[in-house]
Amino acid sequence: MTAPILRRLSDLRALHSEWRREGARIGLVPTMGALHEGHLSLVAAAKAACDRVIVTIFVNPKQFNNAEDLAKYPRTELADAEKLAPYGVDAIYVPDPDQIYPEGYATTVSVTGLTDVMEGEFRPGHFDGVATVVAKLFLQSGADEAFFGEKDYQQLMVVTRMARDLDIPITVHGCATVREASGLAMSSRNMRLSPEALGKAGQLYPVLRELADQLQAGGRFDDILPAAKARLSEEGFGELEYLDLRCGETLAPLERADRPARLLVAVWLDGIRLIDNIAVDPV
Ligand code: PAF
């Protein structure tokens, strides 16, 4: 059975009060729709941990720094509701835009430091948009637990810090990236890749894995980076925005994997911007 679709905050609040009376633990999975296996794994994690689960679908204009990207973002509400049906989700919140940004809306939530690099550098304003909408979704839903994919690792760190700094009583969980058989991280943007580009995109993960193996063997990042960059360009990737080794907690740049670390990448392919990351265990 498909879950009820709520478009008004007052309806979400009414449901929330009912669930609180039952003593239910409420889980939240924020999404922008165009659901794939990655999102569904978050829903499964939320269902396993919580009594009631809300999935939100809202294509948040404030986090797009490129008008074309916003216009082309896939909107597939009916198909999304059908994909959620087998999971027994309790509500799908698809807020009308004025429920998130009413007339005269003037507040921005901005996390400093963590947002200065990588996505923050290449997508100015993106994380202000993310932190603002996620803060609103946390507060509107009153959820106890929220589930995010590690695919957007920097986003996961930003929303975790935002909730902590603002004393929002919610536990943020990061869930493992779900990958295609090729290793390509699942993403709603993959739908826009041509079949040929999809084939090439599958080469991104092996490049990250090889770098991780070299780091594990004690390699210095600056020494092994040039060959990885050359391989990406041989495989047909376009502009490489960043390919960084960073501390898994603070996102500070690292020379070696001498503490829990993360390799993170953003690269263009066929007009689509791909991001990915993997953990590197300390040597
Ligand atoms: O990861 C996403 O889909 C979005 O950034 C999020 C967290 C739903 C906020 O709009």
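Residues numbered from 1 in each chain as written. Predicted model: local features only at pLDDT ≥ 70, side-chain atom pairs only at ≥ 80, totals over all residues. Heavy atoms only, no water.

Quick look at helix α7 (residues 126-141) now. The terminal C-alpha atoms of α7, which comprises 16 residues, lie 22 Å apart, in line with the 22 Å expected from a rise of 1.5 Å per residue. Burial analysis of α7 places 14 of its 16 residues in the buried class, the great majority of the element. Downstream of α7 by one or two residues, Gly142 has phi in the positive range, about 60 degrees. (Helix = DSSP H or I, 4+ residues; strand = E, 2+ residues; numbered from the N terminus. Expected span 1.5 Å × (residues − 1). Buried < 20%, exposed > 50% of the residue type's maximum accessible area, 1.4 Å probe, protein only.)

Before going further, it helps to spend a moment on the site of the ligand. The environment of the ligand is made up of Pro30, Thr31, Met32, Gln63, Val133, Val134, Phe148 and Gln155. A distance of 2.6 Å separates an oxygen atom of the ligand from a polar atom in the side chain of Gln63. For the ligand, an oxygen atom lies 2.7 Å from a polar atom in the side chain of Gln155. In isolation the ligand offers 290 Å² of accessible surface; the protein chains occlude 89% of this area. Of all the secondary-structure elements, those providing two or more residues to the shell around the ligand are β2 (26-31) and α7. Partitioned by chemical class, the residues of the shell around the ligand number five nonpolar, three polar and no charged. (Near = heavy atom within 4 Å. Polar contact = N/O pair within 3.5 Å; in protein donor to acceptor, adjacent residues only side chain to side chain. Areas by Shrake-Rupley, 256 points an atom, 1.4 Å probe, with all protein chains shown as cover. Nonpolar A, V, L, I, M, F, W, Y, C, P; charged D, E, K, R; others polar.)

In space, the three strands of this open sheet follow the order β7-β8-β9, with antiparallel pairing throughout. Across the chains shown, the open sheet's two edge strands, defined by having one partner strand only, are β7 (240-247) and β9 (272-280). Between one strand axis and the next, the sheet turns by 10 degrees as a mean value, whatever way the strands run. Sheet analysis places strand β8 (residues 261-269) next to β9, joined by nine bridges and oriented antiparallel. In the sheet register, Leu264 faces β9, and the bridge partner there is Asn277. In the packing of helix α10 (residues 204-216) onto the sheet, the strands contacted are β7, β8 and β9, and the crossing angle to β9 comes to about 30 degrees. (Pairing = 2+ DSSP bridges. Axes fitted to C-alpha atoms, helices over the stretch in contact; angles between N-to-C directions. Contact = heavy atoms within 4.5 Å.)

To continue, consider the pairing of β2. Most of β2 is tucked away: six of the six residues are buried. Here β2 shows no split at all, with Ile26, Leu28 and Pro30 on one side and Gly27, Val29 and Thr31 on the other all buried. As paired strands, β2 and strand β3 (residues 52-57) are joined by six bridges and run parallel to one another. If you follow Pro30 over to β3, its bridge partner there is Thr56. In terms of handedness, the path from β2 via helix α2 (residues 37-49) over to β3 forms a crossover that is right-handed. Two elements, β2 and strand β5 (residues 145-149), share two bridges in a ladder whose sense is parallel. If you follow Leu28 over to β5, its bridge partner there is Ala146. (Right-handed = clockwise from strand over helix to strand, strands pointing away.)

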